[in-house]
Amino acid sequence: MDEVSLENVLRRCGDFGRYQLIHFSLLCLLNFSSGMAGFYYVFGLAEPDFRCRLPSDVWPNDNQYYSSNSTHQQLIDTFLMSSSSCKYTNGSECQDFVFDRSVYGKTFTEEAKFICDNAIRKTWMSTIYEIGTFTVLITGPISDKIGRRRILQVLSLGLYIVTAITQVLLQFVNMSVNMKIVLLMINQAVSGIDPYGIVFLLLMELTSSSHTSFAGGVSMVAYTVGEIMFTGFAYAARNWLNLKWFMSIYFAITVPYLFCLPESPYWLFIRKKYDELEVCLRKIAKTNRREESEWYPMFTQLVEESRLEVAATQKKKPKKKIIRILRLIPRLFMCGCIEFVTMLLYTTISYDLGQKSEAISPYTNFIIGAGVEGLGYLAAGLCIITFLGRKYSLIMFVLLTSGAVLAIPFVTGLYPVVATVISQVGKFGVSAAVSVSWLFVPELFPTYMRGLANAIFVFVGSFGSMLAPIIDTAVGEKYKSITNYVYAGLAVVLACVIATLPETRNRSFQDEEGDDEEEEEEDDERRDEKQKANGAFQNEDNVENKS
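Quick caveat, the model's predicted, so the values are computed rather than measured.

K.L.:
Would you take a moment to explain the overall build of the protein chain for this structure?
P.N.:
The helix and strand inventory of the protein chain stands at 23 helices and two strands. When the 547 residues of the protein chain are sorted by exposure, 51% land in the buried category. Long-range contacts, defined here as pairs at least 24 residues apart, represent 81% of the contacts in the protein chain between residues at least 6 apart. When the accessible surface of the protein chain is summed, it comes to about 24700 Å², and 60% of that surface belongs to carbon and sulfur atoms.

Set out below in structure tokens:
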């Protein structure tokens, strides 16, 4: 007979049937929006080619980036410094500029003049977005308290409402550039309060451990589909504010589903909400066309045993729970290192693919990158079910990324096409590494702190995403190769850190932190409690028989 556990109850209700496929598909709609919001910086704040505007007494109405005739070109060559887009030939700084709109259209970099000495200010927008993601430290633990469904509803509706308000103000109210910067920063900060991590957990908790790899892979691939959709929106909009409106219209389409979101069966069980859990399992079984007799007897037995265990360990549990969390702090730190380095590499490579290149259009390059990213997620899904498991798959993909990042500086100048191909290999490797880490880390922690662990994981990774554009802008092209060497070295160190973590393949998603000794102690205690209870019942029977 199967072990009495929620996982086996869920299998009897159908752990990969119509119910899961329907909600996997609909939850992906939310992940599409995450893929869009995460890369607004790439096209909304892209830096187009630019030059100083010729003085009006030299060439009136100098509004086009490219020369209109040979005389115009001669004046450009005479008055503008060829080695710098920010200075005239006499060495004076330009105060007005002409931008090339043939590739990106009108970006916010042009609107706010985030160029030359102000170029570093452009990174404010990516930084404020990542600061918004810091709220996972709050939303993660809250999801452990109030449930995955409710926090998703609050986050998504709040995101949609606030971003819509800021965009209405930007569109219809006349204001200074500084005020536009403030409103766009608010918009970006709220966009960073993203429900992706919660959606990822919910997808994995709607099925059993047999299919968590597939659920995680679906979530990752949905993110790349969002990137492709975003690139299409950017190509159609060719304007930083219109691009925001395209995204908001899509957000509005997903609102009705927020009121039909399912709750995690694992969360309901761990919070002892047995009545709601029964309703949830009935929906799953009914949608998957399973009979009540297949799952309900085991469910009632599970609830009875769970209530006995709660009664027996109620006094000891809080202290043990605190001890468990403290013992997991080193593991939390290592998982944070994984996310920091992988997101630093992921953001660096992804942003580079969206920049103008001699070899290929940035839109085409970014879409190819998104496709390669999807292939990376699929490859990760295949590798983790082989003998490599989670841990060694992650090490392999991290080392592949390290090699690609190390090779890029050696070929960029001489062979731009080869450099682009190697960048795509790096995107493949780092995407696969991110995919494995997002599956691996939740499995390292018990359900009662999985939301917190995932929140810390994403929080630390946000620093990597935040630093990537700042370092890229501050270092510049001259010393960019040095950053590649440093990043490659960090990836090798990370592989060594991952090697110290345990393997989680074939471990039940209901399992706790995998501390076998502690679990054995708990089992012994439970057996003692049951034996005492059985002994008490036998004594009562003996007394009755004697009477």
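Having seen the structure, we can now continue with the description.
K.L.:
What exactly am I supposed to notice about the pattern of salt bridges here?
P.N.:
Two side chains carrying opposite charge are able to pair once their charged atoms lie near each other. Under the definition given, this model contains 16 salt bridges. A salt bridge links Glu 93 to Lys 87, with the shortest nitrogen-to-oxygen separation between them at 4.0 Å. Look at Lys 87 and you get partly exposed, because its relative accessible area is 30%. The partner of Arg 148 in a salt bridge is Asp 144, and the shortest N-O contact between them spans 2.8 Å. Here Arg 148 falls in the buried class, since its relative accessible area comes to 0%. Taken together, the shared-partner salt bridges in this structure form one network comprising Glu 7, Arg 11 and Asp 15.

K.L.:
What is the right way to read the side chain of Thr 212 from this model?
P.N.:
For Thr 212, the location among the structural elements is in helix H11 (residues 212-237). Taking relative accessible area as the criterion, Thr 212 reaches 1% and is therefore assigned buried. A polar side-chain atom of Thr 212 sits 3.3 Å from the main-chain carbonyl oxygen of Ser 209.

K.L.:
Please clarify how the nonpolar core should be interpreted in this entry.
P.N.:
The nonpolar side chains of a soluble globular protein tend to be buried with one another. Counting residues in each nonpolar core, the largest one holds 129 residues, and the members touching the most others are Leu 27, Phe 43, Phe 108, Leu 243, Leu 281 and Phe 445. For this core, the element with the most residues is helix H17 (residues 329-353), which contributes 11 residues. Excluding its chain neighbours within four sequence positions, the residues that come into contact with Leu 281 are Val 9, Leu 10, Cys 13, Trp 295 and Phe 299. Residues Cys 52, Leu 54, Cys 86 and Phe 97 belong to the second largest nonpolar core, which totals 12 residues.

K.L.:
Got a minute to help me understand unusual backbone geometry in this structure?
P.N.:
Negative phi characterises most residues that are not glycine, and trans characterises most peptide bonds. Despite not being glycine, Lys 272 shows a phi value in the positive range, around 60°. Take Lys 272: it is sitting in the loop between helix H13 (265-270) and helix H14 (274-287).

K.L.:
Sorry, what's going on with H14 here?
P.N.:
Two residues of an α-helix separated by three or four positions point the same way, owing to the 3.6 residues in each turn. Taking 1.5 Å as the rise per residue, H14 with 14 residues should run 20 Å; its terminal C-alpha atoms sit 20 Å apart, in good agreement. Listed as buried for H14 are Tyr 274, Leu 277, Glu 278, Cys 280, Leu 281, Ile 284 and Ala 285. Taken down its axis, H14 places every buried residue within 165° of arc, on the same side. Across from the buried face of H14, at angles greater than 90 degrees, the exposed residues are Asp 275, Lys 283 and Lys 286. A positive phi of about 60° marks Arg 289, the residue just after H14.

K.L.:
Just to check I follow, could you spell out the confidence of the model for the protein chain for this structure?
P.N.:
Counting all residues, the mean pLDDT for the protein chain is 84, and 88% of those residues have values of 70 or more. Mean pLDDT values for the elements of the protein chain range from 47 in helix H23 (residues 516-546) up to 94 in H14. Low pLDDT, under 50, characterises residues 511-523; the predicted model gives this stretch 22 contacts beyond four residues in sequence or across chains.

K.L.:
Honestly, the packing of aromatic side chains in this entry has me stumped. Any pointers?
P.N.:
What describes a pair of aromatic rings is the distance from one ring centre to the other and the angle between the planes of the rings. Summed over all chains, the structure comprises 32 aromatic pairs. Centroid distance Phe 410 to Tyr 485: 6.1 Å. Interplanar angle 40°. Geometry classified as tilted. Residue Phe 410 is found in helix H19 (residues 389-411), and its partner Tyr 485 is found in helix H22 (residues 480-498); the two are separated by 75 residues along the sequence. Using a relative accessible area of 36% as the deciding quantity, one classes Tyr 485 as partly exposed. Of note, Lys 244 hangs over the ring of Tyr 40, and the distance from its end group to the ring centre comes to 4.3 Å.

K.L.:
Explain the state of the cysteines to me, please; I cannot follow it from the model alone.
P.N.:
Simply put, disulfide is the name for a covalent bond between the sulfur atoms of two cysteines. Evaluation of the coordinates by the stated rule reveals two disulfides. Here Cys 86 connects covalently by a disulfide to Cys 116, the sulfurs 1.9 Å from one another. When the S-S torsion is -95°, as for the bridge of Cys 86 with Cys 116, the disulfide is left-handed. Residue Cys 86 is located in the loop between helix H4 (70-79) and strand E2 (97-99), and its partner Cys 116 is located in the loop between helix H5 (108-112) and helix H6 (123-133); the two are separated by 30 residues in the primary sequence.

K.L.:
Explain the side chain of Thr 254 to me, please; I cannot follow it from the model alone.
P.N.:
Following the sequence through the fold, Thr 254 ends up in helix H12 (residues 240-258). Accessibility expressed as a relative area gives 2% for Thr 254, which makes it buried. Look past the residues within four positions of Thr 254 in its chain and what remains in contact with it is Leu 29, Leu 30 and Tyr 160.

K.L.:
What exactly am I supposed to notice about a nonpolar patch on the surface here?
P.N.:
A cluster of nonpolar side chains, contributed by Ile 161, Val 162, Ile 165, Val 168, Leu 169, Phe 172, Val 173, Met 179, Val 182 and Ile 186, occupies part of the molecular surface with about 830 Å² of accessible area. For the nonpolar patch, the elements supplying multiple residues, two or more each, are helix H8 (148-172) and helix H9 (177-192). The dominant element in the nonpolar patch, judged by the number of residues it contributes, is H8, at six residues. Mapped onto the elements of the fold, Val 168 is located in helix H8. On the accessibility criterion, Val 168 (39% relative accessible area) is partly exposed.

K.L.:
What is the right way to read the environment of Ile 193 from this model?
P.N.:
Position of Ile 193 relative to the elements: it lies in the loop between H9 and helix H10 (196-205). Contacts of Ile 193, omitting those with residues within four sequence positions, involve Gly 132, Thr 135 and Leu 155.

K.L.:
Can you walk me through the packing of H10 against helix H20 (residues 416-443) in this structure?
P.N.:
Taken N-terminus to C-terminus, the directions of H10 and H20 make an angle of 70°; their axes are 12 Å apart at the nearest point. As judged from the angle between their axes, H10 and H20 are roughly perpendicular. You can see that H10 and H20 cross each other, and the crossing is right-handed. In contact with Tyr 196, Gly 197, Phe 200, Leu 201 and Met 204 of H10, H20 contributes Trp 438, Leu 439 and Pro 442.

K.L.:
I would appreciate a short explanation of the environment of Cys 86 in the present structure.
P.N.:
By relative accessible area, Cys 86 is classed as buried at 14%. C-alpha separation for the pair Cys 86 and Cys 52, spaced 34 residues apart in sequence, amounts to 6.3 Å. With residues up to four places along the chain from it excluded, the contact list for Cys 86 reads Phe 50, Cys 52, Ser 92, Glu 93, Cys 94, Phe 97 and Cys 116.

K.L.:
Can you help me understand the environment of Ile 385 in this one?
P.N.:
Here Ile 385 lies in the loop between helix H18 (362-383) and H19. Classification of Ile 385 by relative accessible area gives partly exposed; the value is 47%. Sequence separation of Ile 385 and Arg 505 is 120 residues, and the distance between their C-alpha atoms is 7.5 Å.

What counts and how
- Every chain's residues receive numbers from 1 upward, in the order its sequence appears when written.
- For a predicted model such as this one, the threshold for reporting local features is a pLDDT of at least 70, and the threshold for listing and counting side-chain atom pairs is 80 or more; totals across whole chains, interfaces and linings nevertheless cover every residue.
- Excluding hydrogens and water, the side-chain values take into account all heavy atoms of the structure.
- By definition, any uninterrupted DSSP run of H or I lasting at least four residues is a helix, any uninterrupted run of E lasting at least two residues is a strand, and each is numbered from the N terminus.
- Summary of the burial criterion: residues with accessible area below 20% of their type's maximum are buried, those above 50% are exposed, and those between are partly exposed, where the area comes from a 1.4 Å probe applied to protein chains only.
- Whether two residues are in contact is decided by their heavy atoms: any pair within 4.5 Å suffices.
- All accessible-area figures derive from a Shrake-Rupley calculation using a 1.4 Å probe, and residue coverage is judged against the displayed protein chains alone.
- One speaks of a salt bridge when a side-chain nitrogen belonging to Lys or Arg is within 4 Å of a carboxyl oxygen belonging to Asp or Glu.
- Any N or O atom pair separated by 3.5 Å or less is treated as a polar contact, with the protein-specific requirement of one donor-capable and one acceptor-capable atom, and with residues adjacent in sequence counted only for side-chain atom pairs.
- Only buried Ala, Val, Leu, Ile, Met, Phe, Trp, Tyr and Cys residues count toward a nonpolar core, and they belong to the same one when joined by side-chain atoms within 4.5 Å.
- Multiply 1.5 Å by the residue count of a helix minus one, and that product is the helix's expected span.
- Within this analysis, the arc is defined by the directions that extend from the helix axis to the C-beta atoms.
- A residue's pLDDT is simply how confident the predictor is in it, with values from 0 to 100.
- Each aromatic pair joins two rings of Phe, Tyr and Trp (for Trp, the six-membered one) with centres within 6.5 Å, and gets the label stacked for planes under 30 degrees apart, edge-to-face for over 60, and tilted for any other angle.
- The rule for a charge over a ring is simple: NZ of Lys or CZ of Arg within 6 Å of the ring centre, and within 35 degrees of the ring normal.
- The disulfide criterion is simple: two cysteine sulfur atoms within 2.5 Å.
- Like-charged residues within 9 Å of one another, or nonpolar side chains (Val, Leu, Ile, Met, Phe, Trp, Tyr) within 5 Å, are grouped into patches, provided each residue has over 30% relative accessible area and no salt bridge.
- The convention used is that axes are lines fitted to C-alpha atoms, helices contributing only their stretch in contact, and that angles between N-to-C directions extend from 0 to 180 degrees.
- These descriptions rest on fixed angle ranges, namely under 35 degrees for roughly parallel, over 145 for roughly antiparallel, 65 to 115 for roughly perpendicular, and the rest for oblique.
- Should the near helix be turned counterclockwise from the far one by less than a right angle, the crossing is left-handed, whereas a clockwise turn marks it as right-handed.

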